[in-house]
Amino acid sequence: SKGEGKSFMIRKICEYYSIEYIPISGAELCGNLEGDSVKKLISEYESACIEAATNRKLSCIVIDDFHKSLAASNQKNINRTTNSETLVGRIMNLADNPYVHNNRIPIILTGNNFTTIYSPLTRNSRMEIFDWVPEIEEKEKIVFNIFKQYYPQIDYEVIKELVNQYKDCYVAFFKSLVQDIFWRD
């Protein structure tokens, strides 16, 4: 679901388990020149594999808003380009043959609409898709942790009451709220 803290939760999970979080924006995979998007992905993937081989450090690549990348341009009235075909092909290759320097780095995609992704990329064994729709208790914890970044002394009960009062609002609403409050203080 859109605005429900997918990227935030992945960052927190990586932080908790000491996994290096390597972010790439879906927009970064829309390079101006042919091959730019693939070069960016491969550069990050190979660097992570070398780091894993050298320092035995776990890491994952997270492509945020993948639905905005070239690989997701499988919509009506949008022509696929050589760049998008190459990117999709390389991601499928990494899914099928993920080992570089004897290491495999997970690639996590976040997005709001995976129906536009080239369907062979989403087949079983290449990709597992699930919707993130937090329950109210999960949303309370997410919002609490967001507020805690700005106000370390904040009481959980205050956040619980706030989230329950505005339970139909996305997590992104609360993030904007705390930032607005913080910058006004």
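It should be emphasised that the depicted structure is a prediction, and the values quoted were computed from it without experimental measurement.

Criteria and cut-off values
Residues numbered from 1 in each chain as written. Predicted model: local features only at pLDDT ≥ 70, side-chain atom pairs only at ≥ 80, totals over all residues. Heavy atoms only, no water. Pairing = 2+ DSSP bridges. Helix = DSSP H or I, 4+ residues; strand = E, 2+ residues; numbered from the N terminus. Axes fitted to C-alpha atoms, helices over the stretch in contact; angles between N-to-C directions. Salt bridge = Lys/Arg side-chain N within 4 Å of Asp/Glu carboxyl O. Buried < 20%, exposed > 50% of the residue type's maximum accessible area, 1.4 Å probe, protein only. Parallel < 35°, antiparallel > 145°, perpendicular 65-115°, else oblique. Contact = heavy atoms within 4.5 Å. Nonpolar A, V, L, I, M, F, W, Y, C, P; charged D, E, K, R; others polar. Left-handed = near helix turned anticlockwise from the far one by under 90°. Polar contact = N/O pair within 3.5 Å; in protein donor to acceptor, adjacent residues only side chain to side chain. Phe/Tyr/Trp six-rings, centres within 6.5 Å; stacked < 30°, edge-to-face > 60°. Patch = residues over 30% accessible without salt bridge, like charges linked within 9 Å, V, L, I, M, F, W, Y side chains within 5 Å. Areas by Shrake-Rupley, 256 points an atom, 1.4 Å probe, with all protein chains shown as cover.

**Quick look at the sheet that holds strand β1 (residues 20-25)**
Strands belonging to one sheet form pairs held by backbone hydrogen bonds; the direction of such a pair is parallel or antiparallel. With parallel pairing, three strands are arranged side by side in an open sheet as β1-β2-β5. With partners counted over all chains shown, the strands left at the sheet margins are β1 and β5 (107-109), one partner each. On average, adjacent strands in this sheet sit at an angle of 25 degrees to one another, irrespective of strand direction. Where strand β2 (residues 59-64) lies against β5, three bridges are found, and the strand directions are parallel.

**Quick look at the pattern of salt bridges**
Tallied over the entire structure, the rule returns six salt bridges. Residues D96 and R123 are paired through a salt bridge, measuring 3.5 Å at the closest nitrogen-oxygen approach. With a gap of 27 residues between them, D96 in helix α3 (residues 82-96) and R123 in the loop between β5 and α4 (136-150) connect regions that are remote in the sequence. Taking relative accessible area as the criterion, D96 reaches 35% and is therefore assigned partly exposed. You can call R123 partly exposed: its relative accessible area is 39%. Connected through shared salt-bridge partners, E28, K40 and E44 make up one network.

**Comments concerning the packing of helix α1 (residues 6-16) against α4**
Between α1 and α4, whose axes approach to 11 Å, the crossing angle comes to 75 degrees. Here α1 lies roughly perpendicular to α4, going by the angle between them. Here F8, M9 and K12 of α1 come into contact with α4, specifically with I142, N145, I146 and Q149. Split by residue class, the contact of α1 with α4 holds four nonpolar, two polar and one charged.

**Structural notes on the packing of α4 against helix α6 (residues 171-184)**
Two elements in contact, α4 and α6, have axes whose closest approach is 10 Å; the angle formed by their N-to-C orientations is 20 degrees. In this view, α4 runs roughly parallel relative to α6, as classed from their interaxial angle. The two elements α4 and α6 cross, and the hand of that crossing is right-handed. Along the contact surface, α4 presents K139, I142, V143, I146, F147 and Y150, while α6 presents V171, F174, K175, L177, V178, Q179 and F182. Of the residues contributing to the contact of α4 with α6, the split by class is ten nonpolar, one polar and two charged.

**A closer look at the side chain of E4**
Its location among the elements puts E4 in the segment before α1. One polar contact links the side chain of E4 to the main-chain amide nitrogen of V171, over a distance of 3.3 Å. Once residues within four sequence positions are removed from consideration, E4 is found in contact with W132, P134, K139, I142, Y170 and V171.

**Observations regarding the packing of aromatic side chains**
Enumeration according to the criterion identifies seven aromatic pairs in this entry. Between the aromatic rings of Y151 and F182, the centroid separation amounts to 6.0 Å while the plane-to-plane angle is 75 degrees, which identifies the pairing as edge-to-face. One end of the pair, Y151, is in the loop between α4 and α5 (156-165); the other, F182, is in helix α6, and 31 residues separate them in sequence. Here F173 and F174 contribute two aromatic rings whose centre-to-centre distance is 5.1 Å and whose plane-to-plane angle is 80 degrees, an arrangement assigned as edge-to-face. With relative accessibility at 0%, the residue F174 sits in the buried group. An aromatic cluster is defined as three or more aromatic residues linked by ring pairs; in this entry it consists of Y150, Y151, F182 and W183.

**Structural notes on a nonpolar patch on the surface**
Residues I13, Y16 and Y17 make up a contiguous nonpolar surface patch of roughly 400 Å² in combined accessible area. By the secondary structure assignment, Y16 is in helix α1.

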